[in-house]
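# Structural characterization, general
Residues per chain are reported as follows:
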Amino acid sequence: MIGATAARRAEWLSRRIGAEVRTARRTRGWSQRELAERTGLSQTIVSRVERGWNAASVSLLCELTACLGLELNARVFPADRITVRDVRQLELAQLIVQRANAVWHLTIEAPVSPDSADHRAVDLLLGSAVELVAIEIERDMTNFEGQLRADMLKRDLLAQRDSRPVRFILALPETRRLRLLVRDYRPLIDRTLPAPSRHIWSAIRTGKPVGEDGLLWLPPVRSRP
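No experiment lies behind these values; they were computed from the predicted model shown.

### A look at the overall build of the protein
Within the protein, the regular secondary structure consists of nine helices and five strands. Each helix (α) and strand (β) of the protein, taken in turn from the N terminus, gives the series α-α-α-α-α-β-β-β-α-β-α-α-α-β. Across the 225 residues of the protein, 40% fall into the buried class. The long-range fraction of contacts in the protein, counting pairs at least 24 apart against all pairs at least 6 apart in sequence, stands at 65%. Roughly 12,900 Å² of accessible area belongs to the protein as shown, and the carbon and sulfur atoms make up 50% of that amount.

### Section: the sheet that holds strand E5 (residues 214-218)
Ordered by their spatial adjacency, five strands build an open sheet running E1-E2-E3-E4-E5, and the pairing between neighbours is mixed. Because the sheet does not close on itself, it has two edges, and the strands there are strand E1 (105-111) and E5. Strand-to-strand twist in this sheet, taken as the mean axis angle between neighbours without regard to direction, amounts to 30°. Across the face of the sheet, helix H5 (residues 87-99) comes into contact with E1, strand E2 (121-127), strand E3 (132-137), strand E4 (166-173) and E5 while running at roughly 145° to E3. Sheet contacts for helix H7 (residues 176-184): E4 and E5; angle to E5, the most-contacted strand, approximately 165°.

### Examining the packing of aromatic side chains
Tallied over the full model, the rule gives one aromatic pair. Taking the centre distance of 4.7 Å and the plane angle of 20° together, the rings of Phe-144 and Tyr-185 count as stacked. Here Phe-144, found in helix H6 (residues 144-161), pairs with Tyr-185, found in the loop between H7 and helix H8 (186-192); they are 41 residues apart in sequence, far enough to count as distant. Classification of Phe-144 by relative accessible area gives buried; the value is 1%. Between Arg-48 and the ring centre of Trp-53, over which it is positioned, the NZ or CZ distance is 5.5 Å. Stacked on the ring of Trp-201, the Lys or Arg Arg-99 has its end atom at 4.9 Å from the ring centre.

### Considering the pattern of salt bridges
On inspection of all chains with the given rule, the structure shows 10 salt bridges. Note that Asp-156 is salt-bridged to Arg-155, the shortest N-O span being 3.2 Å. Accessibility expressed as a relative area gives 15% for Arg-155, which makes it buried. The residue Arg-164 makes a salt bridge to Asp-162 at a minimum N-O spacing of 2.9 Å. Taking the relative accessible area as the measure of exposure, Asp-162 reaches 23% and is therefore partly exposed. Salt bridges linked by common partners bring Arg-155, Asp-156 and Asp-213 together as one network.

### So, unusual backbone geometry
Positioned with a positive phi, Glu-109 is a non-glycine residue whose angle comes to about 55°. With respect to the secondary-structure elements, Glu-109 resides in strand E1. The exposure class assigned to Glu-109 is buried, which follows from its relative accessible area of 11%.

### Here we look at helix H4 (residues 58-67)
Taken residue by residue, H4 has Leu-60, Leu-61, Leu-64 and Thr-65 as its buried positions. Buried residues of H4 fall within an arc of 125° about the axis and therefore sit on the same side. Exposed side of H4, more than 90 degrees from the buried face: Val-58, Ser-59 and Ala-66 are the residues found there. Downstream of H4 by a residue or two, Gly-69 has a phi angle that is positive, lying close to 80°.

Definitions and cut-offs
- Residues numbered from 1 in each chain as written.
- Predicted model: local features only at pLDDT ≥ 70, side-chain atom pairs only at ≥ 80, totals over all residues.
- Heavy atoms only, no water.
- Helix = DSSP H or I, 4+ residues; strand = E, 2+ residues; numbered from the N terminus.
- Buried < 20%, exposed > 50% of the residue type's maximum accessible area, 1.4 Å probe, protein only.
- Contact = heavy atoms within 4.5 Å.
- Areas by Shrake-Rupley, 256 points an atom, 1.4 Å probe, with all protein chains shown as cover.
- Pairing = 2+ DSSP bridges.
- Axes fitted to C-alpha atoms, helices over the stretch in contact; angles between N-to-C directions.
- Phe/Tyr/Trp six-rings, centres within 6.5 Å; stacked < 30°, edge-to-face > 60°.
- Lys NZ or Arg CZ within 6 Å of the ring centre and 35° of its normal.
- Salt bridge = Lys/Arg side-chain N within 4 Å of Asp/Glu carboxyl O.
- Arc of directions from axis to C-beta.

Keep in mind that these numbers describe shape and distance, not what the molecule does.
Structural data, given as structure tokens:
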């Protein structure tokens, strides 16, 4: 028999997936019936999923999300404490921490939601009396737009909890491959992440406000022998 904690977690995940499906469907201008017809499912099934039906199979959810241009993804990680995703990511976070002015209050892996079932966190949170700066460190970006959207949702959750402005910073190791990737997405980055790297580094070092979302280039961590 499933335990109460596991049941709450399953319900939360199901509601979250359902909300993503509903938002994507409405963005496309489709009715539930139209989505059902495109996937070969019934409208009742679509409605149940959007309302957080926790008995939906993984294959069913993959069918719905794929039809909407989404990708269902899952990660399993230790639940006893929040940890950085890998050692290299921690090393990159430490590069920022070492250069940060004493005015910043620094938190690694800062939770973004008051819901205990929601384990999402930003890699590094810088806080001052003026603003919060949420930094997400990505060593690779296989789905740039999807990852950026997920990161922005974390920023929005933080903004709901704090009266200070929340700035989002996407931090990337300065490699040739990522430079080329960013060049391909330049119009999107100029629109959503306008603060340049040199401005962000200056704010981190001096303690002055960042003022807007931006893209931060990090010196790549040397490979270990």
